[in-house]
Amino acid sequence: MKDEKLQKALARMGLGSRRQMEEVIRSGRVSVNNAPATIGDRVQQGDEIRVDGRQIKYNAENEKRRRVLAYYKPEGEVCSAKDPEGRPTVFERLPKLTHDRWVMVGRLDINSTGLLLFTNDGEMAHRLMHPSSEVTREYAVRVLGEVTPDIARNLTAGVMLEDGMAQFEDIKEGGGEGVNKWYHVKLKEGRNREVRRLFESQGLKVSRLLRTRYGTISLPKELRTGRFLELDKKEINTLTDLVSLRPRYGTGLHGAAKEKQERIKSKPLKARRADSRSDKSHSSKPKSSGGPASRGTRGRGDKR
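Residues numbered from 1 in each chain as written. Predicted model: local features only at pLDDT ≥ 70, side-chain atom pairs only at ≥ 80, totals over all residues. Heavy atoms only, no water.

**A word on the overall build of the protein**
- Looking only at helices and strands, the protein features 8 helices and 17 strands.
- A buried classification covers 48% of the 304 residues belonging to the protein.
- For the protein, the accessible area works out to roughly 15200 Å², and carbon and sulfur atoms hold 47% of it. (Helix = DSSP H or I, 4+ residues; strand = E, 2+ residues; numbered from the N terminus. Buried < 20%, exposed > 50% of the residue type's maximum accessible area, 1.4 Å probe, protein only. Areas by Shrake-Rupley, 256 points an atom, 1.4 Å probe, with all protein chains shown as cover.)

**Here's the deal with the pairing of strand S7 (residues 68-73)**
- Where burial is concerned, most of S7 is hidden: 6 out of the 6 residues are buried.
- In terms of strand pairing, S7 meets strand S9 (residues 113-119) through 6 bridges, oriented antiparallel. Looking across to S9, one finds that Tyr-71 is bridged to Leu-116.
- Relative to strand S17 (residues 228-230), S7 is paired through 3 bridges, and the arrangement is antiparallel. Looking at the pairing, Ala-70 lines up with Leu-229 of S17. (Pairing = 2+ DSSP bridges.)

**Some points on the packing of aromatic side chains**
- Within this structure, the stated rule accounts for 3 aromatic pairs.
- Ring centres of Tyr-71 and Phe-118 lie 6.2 Å apart, and the angle between their planes is 75°; this geometry places the pair in the edge-to-face category. A residue pair is termed long-range when its members are at least 10 positions apart, and Tyr-71 in strand S7 and Phe-118 in strand S9 qualify at 47 residues.
- Taking the relative accessible area as the measure of exposure, Tyr-71 reaches 0% and is therefore buried. (Phe/Tyr/Trp six-rings, centres within 6.5 Å; stacked < 30°, edge-to-face > 60°.)

**Looking at the pattern of salt bridges**
- Counted according to the given criterion, the structure contains 23 salt bridges.
- For the salt bridge of Arg-66 with Asp-121, the shortest nitrogen-to-oxygen distance reads 2.8 Å. A residue pair is termed long-range when its members are at least 10 positions apart, and Arg-66 in the loop between strand S6 (54-56) and S7 and Asp-121 in the loop between S9 and helix H3 (122-129) qualify at 55 residues. Neither Arg-66 nor Asp-121 differs from the other in exposure class; each is buried.
- With a closest N to O distance of 3.8 Å, Arg-87 and Glu-85 form a salt bridge.
- According to the relative accessible area criterion, Glu-85 is exposed, its value standing at 62%. (Salt bridge = Lys/Arg side-chain N within 4 Å of Asp/Glu carboxyl O.)

**Section: the environment of Arg-193**
- Of note, Arg-193 is situated in the loop between strand S14 (180-187) and helix H5 (194-200).
- By relative accessible area, Arg-193 is classed as partly exposed at 30%.
- Separated by 81 residues in the primary sequence, Arg-193 and Ser-112 place their C-alpha atoms 9.7 Å from one another.

**What about the sheet that holds strand S3 (residues 35-36)?**
- Strand order across the open sheet formed by 4 strands is S3-S2-S5-S6, with antiparallel pairing between neighbours. The open sheet has two free edges, formed respectively by S3 and S6, since each of these has just one partner strand.
- Examined bridge by bridge, strand S2 (residues 30-32) and strand S5 (residues 49-51) share 3 bridges and lie antiparallel to one another. Bridge assignment links Val-32 to a residue of S5, and that residue is Ile-49.

**Here's the deal with the environment of Leu-209**
- For Leu-209, the location among the structural elements is in strand S15 (residues 205-214).
- Owing to a relative accessible area of 0%, Leu-209 belongs among the buried residues under this scheme.
- C-alpha of Leu-209 to C-alpha of Tyr-139: the two residues are 70 residues apart in sequence and 6.8 Å apart in space.

**Observations regarding the nonpolar core**
- If you look at the biggest cluster of nonpolar residues, it comprises 32 residues, and the most contacted ones within it are Phe-118, Val-141, Val-195 and Phe-199.
- Of all the elements in the fold, those that place two or more residues in this core are S7, S9, strand S10 (137-144), helix H4 (149-157), strand S11 (159-161), S14, H5 and S15.
- Judged by nonpolar contacts, the second largest core, of 23 residues, contains Val-103, Leu-115, Leu-210 and Leu-245. (Core = buried A, V, L, I, M, F, W, Y, C linked by side-chain atoms within 4.5 Å.)

**Some points on unusual backbone geometry**
- Backbone geometry at Asn-34 places phi at a positive 70°, although glycine is not the residue there.
- Assignment of secondary structure puts Asn-34 in the loop between S2 and S3.
- The exposed category is assigned to Asn-34, whose relative accessible area is 65%.
- Residues other than glycine seldom take positive phi values, yet Glu-134 does so here, at roughly 50°.

If you want it as structure tokens, here you go:
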């Protein structure tokens, strides 16, 4: 019996969403064992799958080791694999994979910082980002101006943006002095620049935005900007439980890889700027206002 549907397998391998893969199959760009593929075809280990003539190495879902990275995105990096303007991208510093690829979970705009997750499991990435999963994202936001009680009620009750209603699940003060104050916000969507647009709808400007949590994963205190940590089995399984995916054999870190990760946690690597690809270090600590991001800056589509 065949293992799984072709479109699901292609999505799981990170080539795009299931719907996108269905369109690719319909357009005649996919073949299985040298025959044109159709929607609903099922594939198994040993089948030869090609997309646009390029062979895709297939591993059955229960044989592929599920991996997840937590990356601390600095300002100035673009959330795409390649940038036509030649700007640095978030993929450039990730470890290389053989016959596999990293799939980004959500997005952050070029001026935002904080937690980005990457996985080699396309289905997992799809579920974590899909609106129906209602996965909570949490941000530390520095705002120019004061969030009054009325504004806070508006933002949690719902505001009509150009692409529909939006709201924060929660908003709390996070400290700061003068005109720049920090707030912690939560929401369960991943619309383009949604956090910034919500504040702008109330006449407030976001001067800094840092994502501190995605789902069950918080920005590790020991993670510096421009660096990544690989998650272990327990952390990965909390994410898969969140989106109703079964655990997979071999998930997590083992042997030398686990030992290396422990060394990095005990002695964190220096931070790296987005505009310095030669790994020069810098401090990413906020210059003033004191605020909640001090924790995240010591440590680690959503375009915020």
